[in-house]
Amino acid sequence: MDLTIIPTYRCNSKCSMCHVWQHPTLPREEITLDTLEKLPSNIDNCNISGGEPTLRDDLMDMVDLMVPKSRIMEISTNGLYAEKIVPIVKKYPNIKIRFSLDGFHETNNNVRGEKDGFNKKLNGMKLLIEAGGKDLGFGMTIQDDNVKQLEGIWNLCREIGVDFATSTLHNGFQFHKSDNYFWSRIKVAKGIEKLIEQQLKSWKVKHWFRGYLNLGLIEKILGHDRLISCTAGEEFVFIDPWSDVWACNVRNDLLLGNIQDQNWEEIWMGETVKRIRENVSVCKQNCWMVTTARTAMRNTRIPQLPKMTVFKWVLLNKLMVSFGKSINFEAYIDYNKVYSDENTGNREKFLHRSVKKRITRKSEPHYQFGQFYNR
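The structure presented is a predicted model; accordingly, all values stated were derived computationally and were not measured. (Residues numbered from 1 in each chain as written. Predicted model: local features only at pLDDT ≥ 70, side-chain atom pairs only at ≥ 80, totals over all residues. Heavy atoms only, no water.)

1. Remarks on the overall build of the chain
If you tally the helices and strands in the chain, you get 12 helices and nine strands. Computed over the C-alpha atoms, the radius of gyration of the chain is 20 Å, within 12% of the 21 Å expected from 2.2 N^0.38 for a compact globule of 375 residues. In terms of its C-alpha atoms, the chain occupies a principal-axis envelope of roughly 55 × 45 × 45 Å. When the 375 residues of the chain are sorted by exposure, 59% land in the buried category. Sequence-distant contacts in the chain: of pairs separated by 6 or more residues, those separated by 24 or more amount to 74%. Of the accessible surface of the chain, which amounts to about 16600 Å², a share of 50% is contributed by carbon and sulfur atoms. Each charge class in the chain was averaged separately, 53 positive and 45 negative side chains, and the resulting centres sit 3 Å apart. (Helix = DSSP H or I, 4+ residues; strand = E, 2+ residues; numbered from the N terminus. Rg over C-alpha atoms; globule rule 2.2 N^0.38 Å. Buried < 20%, exposed > 50% of the residue type's maximum accessible area, 1.4 Å probe, protein only. Contact = heavy atoms within 4.5 Å. Areas by Shrake-Rupley, 256 points an atom, 1.4 Å probe, with all protein chains shown as cover. Lys, Arg positive; Asp, Glu negative; His and termini not counted. Charge placed at Lys NZ, Arg CZ, Asp CG, Glu CD.)

Here it is as structure tokens:
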């Protein structure tokens, strides 16, 4: 099982594609270490994300608690407080750290609402390299604003010797918005093709499989169905700051239980989880996030290995680029079939704007946004 823990919805970025920072949680109401202690010890990939996890004063304690429970431990952060990650990396050199970086200089700063964010992240990553980090990288949310810089960020990562992860625009209940659409789906999708070829030319095996993950991003961007069925609620769960356990972070009707009020066996073996897994099996949300997509790509019995369909695609196209041939993307992707968005126009930017935040309390409805679909 893969697990994402969101210990806080406080955030010091002001992203255009996520408004969680406008709806922060109260520190005293956020999930505690005692509650996390109740989680099982057979987790494959545990990702502490946010909000912004470095705003938790007990982040090191949280990592100490979850490392023994997880095969892979990961922290997804905006990278603005890299100095808080340094002691964690020194203690756990193999921990996976990903900084969100959505383009060079002005592009990143505008998309993420960060003053001098690009330089802070780059300098912070160098701090982690000096601290001895062995699994470091940047993560980019591909969208119209930054797709032209996709190859440049990939080259930057190779130059400084860190990894590169990708995701793309999608909607989810924690974002407090549902207008994460594309202005030109084909343009954004086509912008990913060259990255896939570069990844397959790499000598790193995990880059090859990221090529397949990015193929799934192209399908998602065009509005096509998922490459692989989702296994949320069975092989992946999401825990929010109020200790609620969800099948995923997209649909707000897939609540499994609350780990503060229940033990893990009650949540994982009860009637609710059976019903929710049935709902997931017929889910029409066309999302392809790295969390659930990565999980779906893995072999169910041996999570270190891929599913056979993924392996065959990677092997075939790795051989293609190794012999100097280009990938025939049209053999896999129907560019004549593109979902048409009803809405067009720029997303709001908040870099130089002040927005009044509304604290979401435990006693209030947490996710008030209406129904939406990812296409």
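2. A word on the nonpolar core
Core analysis: the largest hydrophobic core is formed by 105 residues, its most contacted members being Leu3, Leu39, Val63, Met66, Ile95, Ile97 and Ile196. With nine residues, the single largest contributor to this core is helix α8 (residues 205–222). With residues near it in sequence (within four places) discarded, Ile97 still touches Ile75, Thr77, Ile85, Val89, Leu128, Asp135, Leu136 and Gly137. (Core = buried A, V, L, I, M, F, W, Y, C linked by side-chain atoms within 4.5 Å.)

3. What to know about the pairing of strand β7 (residues 236–239)
Going residue by residue along β7, you find Phe236 and Phe238 tucked away on one face and Val237 and Ile239 tucked away on the opposite face as well. Pairing of strand β1 (residues 2–5) with β7 involves four bridges; the strand directions are parallel. Residue pairing in the sheet places Thr4 in a bridge with Phe238 of β7. Pairing analysis gives two bridges linking β7 to strand β8 (residues 244–246), with the strands arranged antiparallel. Following the sheet pairing, Ile239 is matched in β8 by Val245. Here β7 folds back onto β8, and the loop between the two strands holds four residues, one of which, Ser243, carries a positive phi near 75°. (Pairing = 2+ DSSP bridges.)

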